[in-house]
Amino acid sequence: MATVAIPRRPRSARLAGSYNARYVIARIGQAVLAVVLVYVLIFIIVTVLPGNPVSARLRSPELNYTEKQINDLLAYYRLDRPVWAQLGYALERLILHGDWGLSLDAGRPVTSVIRGGIPSTLELAGASFVIAALLAFVISIGAFYLPAKLGGGVLRTFPSLFLSMPNFLIGLVIIDVFSFNLGWFKITTYDGLSALIYPAVTLAIPVSAPIAQIFISALDAARTEQYSTVAISKGIGRFTLLVRHLLPNAALPTLTITAIIVGDLLGGSMITEAVFGRPGLGTVIETAATDQDVPVLQAAVTLTAVLFLVINLIVDLIYPLLDPRLRRATAR
Amino acid sequence: MVALSTVPRARARLSLPALTLRNAYTLVAALIILVVLAWAIVPGLFTSHSPYAGITREQFQAPSGAHLFGTDQFGRDVFARVVYGTRSAVLTALVAVGIGLFAGSLIGLVAGFFGRAVDAVLGRLIDVLLAIPAFLLAVIVVVSLGFATVNAAIAVGASSVAVFARLIRSEALRVKGLPFVESAYLVGGNKLQVLFGHVLPNTYRSVLALGVLQFGIAIINISALAFLGYGSPPPAADWGLQVANGKDFLYRYPWLVYAPGIVMVLTVLALNQLNKSISKGR
Amino acid sequence: MTFELDRRNLFSLGALFAGSGLLAACAGASGSPSQGTSDVNAQPKAGGEIFYLNAFENAGWAQSQVGSWHALQVWGLFAEYLFYANSKTEIAPHLATGYTHNADFTKFNIGIRKGVTFSNGEKLDAQTVALNLNLVGLGDSSRAIPRVANIPKVYKQATAVSDYEVEVALTDPFPAFIQQLAGSSNAAILAPATIKLPLAEQSDLKNTFATGPWVVESWKAGKEVVLKRRDDYNWPRPDAKHTGPAYLEKITIQQVSQNLLRVGALESGQAQVVHYTQPSAESRLQGEGFKIINAFASGSVWGLHIRVNARNTQDVRVREALNRAIDRQEIINTLYNSGWKVAQGPVNSQTPWAVDLTEHFKYDPARANRLLNEAGWTGRDKDGYRTKDGETLEFIEYPSVFITTSRDDLTLIAQQWKKVGVKLTLKNVDYDNYNTITAVTIKPPVPLYEIHWGADYPTFLWRWWHSGQQNQFGAPDKELDTLLEQVIAAKTDAEVYSLAKKVQQFVIENHYFIPVHEFPQNFSAAGNLKGISTDGYPRIRLYDAWLDA
């Protein structure tokens, strides 16, 4: 789901002058710490409730298991231990052995459950990212250049509109229009462009909104900057101005929300996958959440957090290298 | 070349109508919000139908004068269900924003104001929360709390804590450095007095803007949770639930999805417009 | 000690109705002749590929995980059982050749079919069957493999007494052992190479070797299972229409969880078989030339237990009013279609021991109102619900998390009860806490509890309703307990059935149970997919199915 589109000044921008190995290591250390905390946090949230999925399932009246049978099975998953012992064990298992444990629901290793969902979701998120960026670009350029009368003003409201449309609604409308009414839609094909394009567009629409918002305001800001005025006074064309000066400068603030965009894509993929019946990481997480399959949930959410943190880290580290002003500051 | 003169002049020419257009948008947005609020407070004034009682032999009627948005599979009036659903949408979004605002303010203010070790610890916490996609976090929280609309609201609120905290922390840092805050210390104010007397009031505008924006996001996320089945059970009048129930009939009775859907989009759109107006007002 | 394997014994013991009270889902055998038509005129052609769309697909496929309706349909395509129930719900041997038992029903000797091999080349014999039965009957807690709940707890051990004969020993008599075994969908016979694996590896379908007409070619967790034909297959069930390999070369089973999309895929020719069609789409599909298969399970209808220990449920007048205030025909007309049936008693009409008790709960709102008045619920609150001493007549129900239709059913029942001033409040609960929160033992008790379970033999009634067993009505009733004890003690089917009817009559006359409608397994299939049918559980049968060009 779309989050607020406030461009975040990367921490590194402030520190650009003291950009060195120690800083990089510290940032990486923080990210690793955050990952571990995410892992612990998910465990805490999910185990707030008493009971666990295994014992709930085993106690089904239809199953008719004896207490001993139930206890034996619980012992196998170490669910008979106190919560903190379980957490300690899970952490030890993960950190010392790189082992994410066994899915309580599928009975298979967590890694294989999750691995099954990753390609499809990456494909979806990747395609959506490209579509969202293109969409945002077209809207921004249109809003920037078209006079209000010709739709420039209306285009400026598009990000708001897109931000107001729930993913599941967009998906249903797309299914209704393209599958039911136009008959373009293939449901049983998981591979190929046609199976990807509709869910990808569904996911891309709300995600394009913050990108477009930032891009438009960055373009507006760049136009009033000194170098624009200088460039215009030098008599260069509109197109050259856009490509040489405005775009590079507007792209930078947009870069800072990449991680947020990726988070939105992953969160949104859950609903998109549900609407289109497209199994992936979102489906894995949804199933794990409803089944309280803690090991799978921990691993999947930690994975998304890792992705978020890594992208954030990369952006933070390369931002000063790209920003001409900061580059100058570093050089000085 | 024309470039030099064109750009500023074009802007000058455009500024007036653009301004009016923005005002018009704001006006329409405010009107929509007023209607939504009225629906939420006194739904009975807007429809004579019950949102729960259906006449089964009148199921699946297309929109008409008698049933503005048609009827559903139980022969219930869809318009009545949308109107009555407004209350739950508004209330739950309020709960969500309230939680995000309260917890976020607390964390943000304390982190921003006290700085140093406190900021470092709370800053890590904010980082951790921000690293989990908000909707995923909401799903996990609602699953832990149990399925009900109120819990969905709490979950969405919890997932927005970090966003509020981040904003308020940076606002607190900004305000802390302002001259009048420093002078407040000089005239003998202690930390808490300064915090509540000076820092808090000076952050309200950006916080209000974010609150309005989050209100819209909360409506979307709570209905998305209801759509996935994590909200209240039937026969609750709830926008997300209505869309979820209507989707199985989308092929033949599309109004079951479109009517609540369009109302929801318009409401959130109006909120987003208000957010813009508030931010621009600075 | 050897036993003569006597097929007469087998069939005399029953029109034996086997099946299962499967895992928490719902289950049973079907008495309805399957509606999938065998096409008389056309000549079957081998070859071709079909898509089968499932609402849910497993992430893990160890046999203990295939209890759900979705999974067992797929499982039954490549895994086979010792016994099965045909479409007339008669039990018959498949991988077995028959069985005998001793006089007090503590020893069962099962003959094993010769010439059967698993898809990894291993041979089916008494040794492998004993290995399977022991895992199914006892589980293995060191590998977290649970025993199959449907197998009676009196199961002691299976041993191979010769190359092709297995002896199963029980600790206590259990006359219906074979019926229970036949009805357990997760008691298929698998290759030793498969069942010796740890749970994590058994969950992976590439390690699953069975004896069915198709074998797993590939699979993706929660997504699809691709089956390919086994060319050396030659041991179909006795009720099959042909011998040798199956006709269909390839079956791709995919998860499409949205009802809307499953039906859409069938309509657009992207899929040939769809499990769980929405009732509302069935008539449309039928009009377009698709086959609709509604196979009713032997066992409970979709209905509600009234927990007599809950608040305001002790008064039989109130209970009868709840029963009489439901217009079952309106439910069928509004939410379902002509393929569905109103309930005539606690069990489906196809169940051999069913009895028509409609008269006792026929829709009669006037009578319901009168009964509620008599019971003292004469006040009204501002919403029009009945009150007594300031308390509203309200009942809480948690819609089943296992079937998608119960929310709509209950929404409509709430509308109907409202007309006589009774409030029905639905609450949501997640999948995992459903069993806990609706348990008989929970305090305060929930007043209503859904049932939609299979019952292949009247012993199930004892298991559900006896106060020493599941005690689903929540309060011991001496008379009912006595009747149920007689059911399990009875020696002959005729005796068991007649007692089972008495039990149902008692339960309905006392309004412990609210029967609503019968509950089928439903499939929709493309018109050109011929020879598709269901068996007595019901499980889909594709062995005789073929594609007409």
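Placed above this text is the structure.
The following paragraphs examine the structure supplied in this document. (Residues numbered from 1 in each chain as written. Chains lettered and ligands numbered in written order. Predicted model: local features only at pLDDT ≥ 70, side-chain atom pairs only at ≥ 80, totals over all residues. Heavy atoms only, no water.)

1. Notes on the interface of chain B and chain A
The interface of chain B with chain A comprises 52 residues on the first partner and 60 residues on the second. Of the roughly 5,000 Å² buried between chain B and chain A, counting both surfaces, carbon and sulfur atoms make up 78%. Considering only the surface of chain B that becomes buried against chain A, B:Arg124, B:Leu136 and B:Ile140 emerge as the three largest contributors, covering 11% of it. At the junction of chain B and chain A, the tally comes to 0 salt bridges. Between chain B and chain A we count 5 residue pairs in polar contact (both at pLDDT 80 or more) in total. For the side of chain B that touches chain A, the secondary-structure elements that each account for two or more residues are helix H1 (3-41), helix H3 (116-131), helix H4 (134-145), helix H5 (149-176), helix H8 (204-227) and helix H10 (255-280) of chain B. Class assignment of the residues belonging to the side of chain B that touches chain A gives a composition of 40 nonpolar, 6 polar and 6 charged. (Contact = heavy atoms within 4.5 Å. Buried area = accessible area lost by both parts, 1.4 Å probe. Salt bridge = Lys/Arg side-chain N within 4 Å of Asp/Glu carboxyl O. Polar contact = N/O pair within 3.5 Å; in protein donor to acceptor, adjacent residues only side chain to side chain. Helix = DSSP H or I, 4+ residues; strand = E, 2+ residues; numbered from the N terminus. Nonpolar A, V, L, I, M, F, W, Y, C, P; charged D, E, K, R; others polar.)

2. Observations concerning the nonpolar core
By size, the foremost hydrophobic cluster in this structure holds 165 residues, and its most contacted members are A:Phe168 and B:Leu225. Here this core gathers at least three residues from each of two domains, domain 1 (16-111) and domain 2 (118-279) of chain A. When neighbours within four sequence positions are excluded, B:Leu225 is seen to be in contact with B:Phe135, B:Ala138, B:Val139, B:Val142, B:Ala152, B:Val156, B:Tyr230 and B:Gly231. Of all hydrophobic cores here, the second largest spans 129 residues; its members include C:Tyr84, C:Ile91, C:Ile195 and C:Trp353. (Core = buried A, V, L, I, M, F, W, Y, C linked by side-chain atoms within 4.5 Å. Buried < 20%, exposed > 50% of the residue type's maximum accessible area, 1.4 Å probe, protein only. Domains from an automatic or database assignment.)

3. A few points about the packing of helix H6 (residues 110-145) of chain A against helix H12 (residues 258-276) of chain A
Residue and element names in this part refer to chain A. The contact between H6 and H12 brings their axes to 10 Å, and the two run at 125 degrees. Classified by the angle between their axes, H6 and H12 sit oblique to one another. As H6 packs across H12, the resulting crossing turns out to be right-handed. Judged by residue contacts, Thr121, Leu124, Ala125, Ser128 and Phe129 of H6 engage Thr258, Ile261, Leu265, Leu266, Ser269, Thr272 and Glu273 from H12. Looking at the contact of H6 with H12 residue by residue, the class counts come to 6 nonpolar, 5 polar and 1 charged. (Axes fitted to C-alpha atoms, helices over the stretch in contact; angles between N-to-C directions. Parallel < 35°, antiparallel > 145°, perpendicular 65-115°, else oblique. Left-handed = near helix turned anticlockwise from the far one by under 90°.)

4. Observations concerning the pairing of strand S10 (residues 224-229) of chain C
Each regular strand carries side chains that alternate between the two faces of the sheet. Residue and element names in this part refer to chain C. Of all 6 residues making up S10, 5 are buried, and the element is well covered by its neighbours. Here 6 bridges tie strand S9 (residues 214-220) to S10, and the two strands are oriented antiparallel to one another. Note on S10: the bridge partner recorded for serine 218 is valine 226. Turn length for the S9-S10 hairpin, with the two strands adjacent in sequence and antiparallel, is 3 residues, and the turn residue glycine 222 shows positive phi of about 65 degrees. Summarising the sheet, S10 and strand S11 (residues 250-255) pair through 5 bridges and their orientation is antiparallel. Note that in S11 the partner of valine 226 across the bridge is threonine 252. (Pairing = 2+ DSSP bridges.)

5. Overview of unusual backbone geometry
For the peptide bond that leads from B:Pro234 to B:Pro235, omega is 5 degrees, which places it in the cis range. Locating B:Pro235 in the fold gives a position in the loop between H8 and helix H9 (239-246). The omega torsion of the bond from C:Lys443 to C:Pro444 falls at -15 degrees, within 30 degrees of zero and hence cis. Structurally, C:Pro444 is set in the loop between helix H13 (434-437) and strand S20 (448-451). Phi is positive for B:Phe60, which is not a glycine, with a value near 55 degrees. Examined against the element boundaries, B:Phe60 turns out to sit in the loop between H1 and helix H2 (78-114). The exposure class of B:Phe60 is buried, given its relative accessible area of 15%. A positive phi angle is found at C:Phe105, which is not glycine, with a value near 60 degrees. Mapped onto the fold, C:Phe105 is located in the loop between strand S5 (96-101) and strand S6 (107-112).

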